[in-house]
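Report on the structure
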Amino acid sequence: MLKSLLRYQSSGANVSENHTRKKLYESGVTNSLQSNFALLLKLSEELLDKWLAYPESQHVPLGQHMLGFAMKSVTQMVMGSTFEDDQEVIHFQKNHGTVWSEIGKGFLDGSLDKSTTRKKQYEDALRQLESILKKIIKERKGGNFGQHIFIDSLVHGNLNDQQILEDSMIFSLASCVITAKLCTWAICFLTTSEEVQKKLYEEIDQVFGKDPITPEKIEQLRYCRQVLCETVRTAKLTPVSARLQDIEEKIDKFIIPRETLVLYALGVVLQDPSTWPSPHKFDPDRFDDESMMKTFSLLGFSGTQECPELRFAYMVTTVLLSVLVRRLHLLSVDGQLIETKYELVTSSKEEAWITVSKRY
């Protein structure tokens with residue numbers, strides 16, 4: 001769907017090729033997370049130190065901080081050490097924002113083509129992002145680097161230069177937004193669910209104690225994963241998705257041919273009361289039930305059907321929550337009403353504000 005919205009024309013890929021590309025994506029996610037775990041932990045701890053320095057009455061602009069954290073994490077883990085420079089991150093974020101806002105709105109409602117100014121700004125921003133990626137792809141092809149980043153998996157896969165460019169563009173665009181919004185919504189729900197936050201803290205304390213946070217122990221945070229699954233479901237994080245039909249299939253009296261692009265109204269299914277009891281309640285315990293997790297997996301939010309960008313976001317958010325909840329109480333601001341804005345990835349209409357207090 002993103003490829004179509006970006007007007008990339010290199011499709012024509014069959015189902016088999018798409019499966020191969022997806023496996024390459026998955027390998028890239030696994031390797032970049034493993035290679036950059038220490039970096040992810042460092043960025044999380046930098047944010048913790050910033051929040052620890054705030055007085056308890058300080059209102060924290062959650063969405064702004066999560067977007068900054070996601071941009072730093074994703075750019076370095078996907079595109080490498082160029083983005084250790086904050087100015088490079090800011091430049092990328094500006095162009096990313098221009099492109100993403102038009103993908104989420106301008107293409108869908110047709111308004112982009114009606115405004116020459118907006119269209120030029122969009123095309124300039126996309127061109128600058130592509131230029132950055134082309135430079136990085138060229139460098140990664142010709143060098144030997146100790147740090148494995150996501151683009152390396154594409155470079156070493158059986159892809160041509162245009163495929164590498166398109167896939168790295170789509171992954172970096174989507175991962176920044178999905179990671180930022182998953183972090184934001186997870187913390188929002190924790191601030192309004194004291195019992196859930198207490199249970200999450202107890203799991204983090206039980207798994208890590210006073211020991212460092214490690215990749216091996218992160219995998220033991222079962223309840224944290226339930227919190228993130230319930231965050232995705234309750235927030236309707238990605239209210240629509242698309243997938244190529246693997247086989248010809250009949251639904252009622254309609255035939256869906258093989259390799260048809262099928263759109264899924266996930267926002268409806270995620271809060272269908274016939275599947276999810278009390279669908280508007282934030283209740284991570286519902287995912288104790290294996291049948292609920294299986295349903296979630298079939299929708300593409302977990303297991304083998306999980307999209308690589310979401311898998312990446314799950315790990316980044318898990319590390320961040322482990323660092324923050326270990327040291328801080330996350331608290332809501334009295335009287336704040338958070339309204340939802342549904343686009344390709346769900347966000348709040350206005351900034352979400354929180355406060356924090358130290359556990360020790």
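The text that follows walks through the structure, step by step, so that each part is easy to find.

**Considerations on the sheet that holds strand β1 (residues 60-61)**
- The strand order across the open sheet formed by 3 strands is β1-β9-β6, and the pairing between neighbours is antiparallel. Each of the sheet's edge strands pairs with one partner strand only, and the pair in question is β1 and β6 (328-332).
- Relative to strand β9 (residues 353-358), β1 runs antiparallel, the two sharing 2 bridges. If you follow valine 60 over to β9, its bridge partner there is isoleucine 354.

**A look at the environment of glycine 157**
- Structurally, the position occupied by glycine 157 is in the loop between α7 (150-155) and α8 (161-192).
- In the structure, glycine 157 is positioned 84 residues away from serine 73 in sequence and 23 Å away in space, judged by C-alpha atoms.

**Quick look at the layout of surface pockets**
- Estimated volume of the second largest pocket: approximately 500 Å³.
- Lining the second largest pocket we find 23 residues, and of these Leu67, Trp100, Lys181, Lys341 and Ser347 sit closest to its centre.
- Elements supplying a minimum of two residues to the lining of the second largest pocket: α4 (62-79), α5 (86-109), α8 and β8 (347-348).
- The biggest single contributor to the lining of the second largest pocket is α5, with 6 residues.
- The residue makeup of the lining of the second largest pocket, split by class, is 7 nonpolar, 10 polar and 6 charged.

Conventions used here
- Residues numbered from 1 in each chain as written.
- Predicted model: local features only at pLDDT ≥ 70, side-chain atom pairs only at ≥ 80, totals over all residues.
- Heavy atoms only, no water.
- Pairing = 2+ DSSP bridges.
- Helix = DSSP H or I, 4+ residues; strand = E, 2+ residues; numbered from the N terminus.
- 1 Å grid on protein atoms, 1.4 Å probe; cavity = no way out; pocket = protein on both sides within 12 Å on 5 of 7 lines; lining within 4 Å.
- Points joined across faces, edges and corners; volume = space filled by probe spheres on them.
- Nonpolar A, V, L, I, M, F, W, Y, C, P; charged D, E, K, R; others polar.

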